[in-house]
Amino acid sequence: DSGVTQTPKHLITATGQRVTLRCSPRSGDLSVYWYQQSLDQGLQFLIQYYNGEERAKGNILERFSAQQFPDLHSELNLSSLELGDSALYFCASSASPGGQSPLHFGNGTRLTVT
Amino acid sequence: QQPVQSPQAVILREGEDAVINCSSSKALYSVHWYRQKHGEAPVFLMILLKGGEQKGHEKISASFNEKKQQSSLYLTASQLSYSGTYFCGTRSTGTASKLTFGTGTRLQVTL
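Attention here is on the structure that accompanies the text.

### Considering the overall build of chain B
Across its full length, chain B carries zero helices and 11 strands. N-terminal to C-terminal, the α/β element order of chain B is β-β-β-β-β-β-β-β-β-β-β. Overall size of chain B, expressed as C-alpha extent along the three principal axes, is 45 × 25 × 20 Å. Burial analysis of chain B (111 residues in total) assigns 48% to the buried set.

### Structural notes on the packing of aromatic side chains
A full pass over the atoms with the stated rule returns 10 aromatic pairs over all chains. Taken together, Y33(A), Y35(A), F45(A), F90(A), F105(A), Y34(B), F44(B), F87(B) and F101(B) form an aromatic cluster joined through their ring pairs. One residue, R55(A), lies across the ring of Y50(A), its end atom 5.8 Å from the ring centre. A cation over an aromatic ring shows up here: R91(B) above the ring of Y29(B), its NZ or CZ 4.7 Å from the ring centre.

### Re the side chain of S101(A)
Residues and elements named next belong to chain A. If you trace the backbone, S101 turns up in the loop between β9 (87-94) and β10 (104-105). Exposure remark for S101: the relative accessible area of 12% places this residue in the buried category. Polar contacts involving the side chain of S101 include one to the side chain of S96, which spans 2.7 Å.

### Some words on the environment of S79(A)
Residues and elements named next belong to chain A. In this fold, S79 is placed in the loop between β8 (74-78) and β9. Since its relative accessible area comes to 21%, S79 is described here as partly exposed. For the pair S79 and S65, spaced 14 residues apart in the sequence, the C-alpha separation amounts to 8.6 Å. In this structure S79 touches Q17, R18, R63 and F64, once residues within four positions along its chain are discounted. Polar side-chain contacts of S79 include one of 2.8 Å to the backbone oxygen of R63.

### Some words on the interface of chain A and chain B
Interfaces are frequently sized by the accessible area removed from exposure as the parts join. Every contact between the two is made by 24 residues of chain A and, on the other side, 21 residues of chain B. When chain A packs against chain B, the two sides together hide about 1700 Å² of surface, and 59% of this comes from carbon and sulfur. Interface area lost by chain A to chain B is led by L43(A), G99(A) and F105(A), which between them contribute 25%. Taken together, the links from chain A to chain B amount to zero salt bridges. Joining chain A to chain B, the criterion identifies three residue pairs in polar contact (both at pLDDT 80 or more).

### Focus on the sheet that holds strand β1 (residues 5-7) of chain A
All names here are of chain A. The strand order β1-β3-β8-β7 describes an open sheet built from four strands, whose pairing is antiparallel. Lying at the two open borders of the sheet, with one neighbouring strand each, are β1 and β7 (64-68). When the angles between neighbouring strand axes are averaged without regard to direction, this sheet yields 15°. Two elements, strand β3 (residues 19-24) and β8, share five bridges in a ladder whose sense is antiparallel. Along β8, the bridge assignment pairs L21 with L76.

### Remarks on the pattern of salt bridges
All names here are of chain A. A complete count under the given rule lists four salt bridges over all chains for this structure. As a salt-bridge pair, R22 and E75 come within 3.9 Å of each other at their nearest N and O atoms. Of this pair, R22 sits in strand β3 while E75 sits in strand β8, placing them 53 residues apart in sequence. Residue R22 is classed as partly exposed on the basis of its relative accessible area of 33%. The class for E75 is buried, based on a relative accessible area of 19%. Two residues, E82 and R63, come together in a salt bridge whose shortest N-O distance is 3.7 Å. Taken together, the positions of E82 in the loop between β8 and β9 and R63 in the loop between β6 (53-57) and β7 put the pair 19 residues apart, joining distant regions of the chain.

Reading the values: rules and limits
- Residues numbered from 1 in each chain as written.
- Chains lettered and ligands numbered in written order.
- Predicted model: local features only at pLDDT ≥ 70, side-chain atom pairs only at ≥ 80, totals over all residues.
- Heavy atoms only, no water.
- Helix = DSSP H or I, 4+ residues; strand = E, 2+ residues; numbered from the N terminus.
- Buried < 20%, exposed > 50% of the residue type's maximum accessible area, 1.4 Å probe, protein only.
- Phe/Tyr/Trp six-rings, centres within 6.5 Å; stacked < 30°, edge-to-face > 60°.
- Lys NZ or Arg CZ within 6 Å of the ring centre and 35° of its normal.
- Polar contact = N/O pair within 3.5 Å; in protein donor to acceptor, adjacent residues only side chain to side chain.
- Contact = heavy atoms within 4.5 Å.
- Buried area = accessible area lost by both parts, 1.4 Å probe.
- Salt bridge = Lys/Arg side-chain N within 4 Å of Asp/Glu carboxyl O.
- Pairing = 2+ DSSP bridges.
- Axes fitted to C-alpha atoms, helices over the stretch in contact; angles between N-to-C directions.

Pasting the structure below:
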């Protein structure tokens, strides 16, 4: 158990809809990362937060947004969903933001857009 | 920019050794290695910071050649439990702190 909690585990929704994915980091970790993994593909970096502030951004679509709250949990919002957004979305947390400490991954949220 | 991993896939018999390579076109600050089993989350194996150090974790070790911007993961006397997809993640120097993962190397260990 990594200590990172992601909810929900599964989401099935229709095109055009909006969903929110939630992540609670490991106790003591201040940094949260979001990654997208399409079927049998690699991990695509979306965005990173550190102690409530956006730290780094990847190829995140404008339809996607995220934030980290004062209690350090994070939410990833996906809107105007398309079929191609179907993927496994991972949240990971780390103690420090700079790549010098390990990432601990949650079990992911599997999003299916129909 | 995404690091390049090689090989893309490898099949081993139990007890054999393997090397997985990861290279970047940018100067690196750190290299991470993770293993992901099918349907599961990636699990941290080790991290190497610039300085050319080598690290070990049981029968799995890794090296980091800072000058060549390359890292290699060494799996010795492989076990069935080593099967999975291995990802390297790199953070470049002088950039924001994002960790970018390679496309992965699929490793299968058979009897």
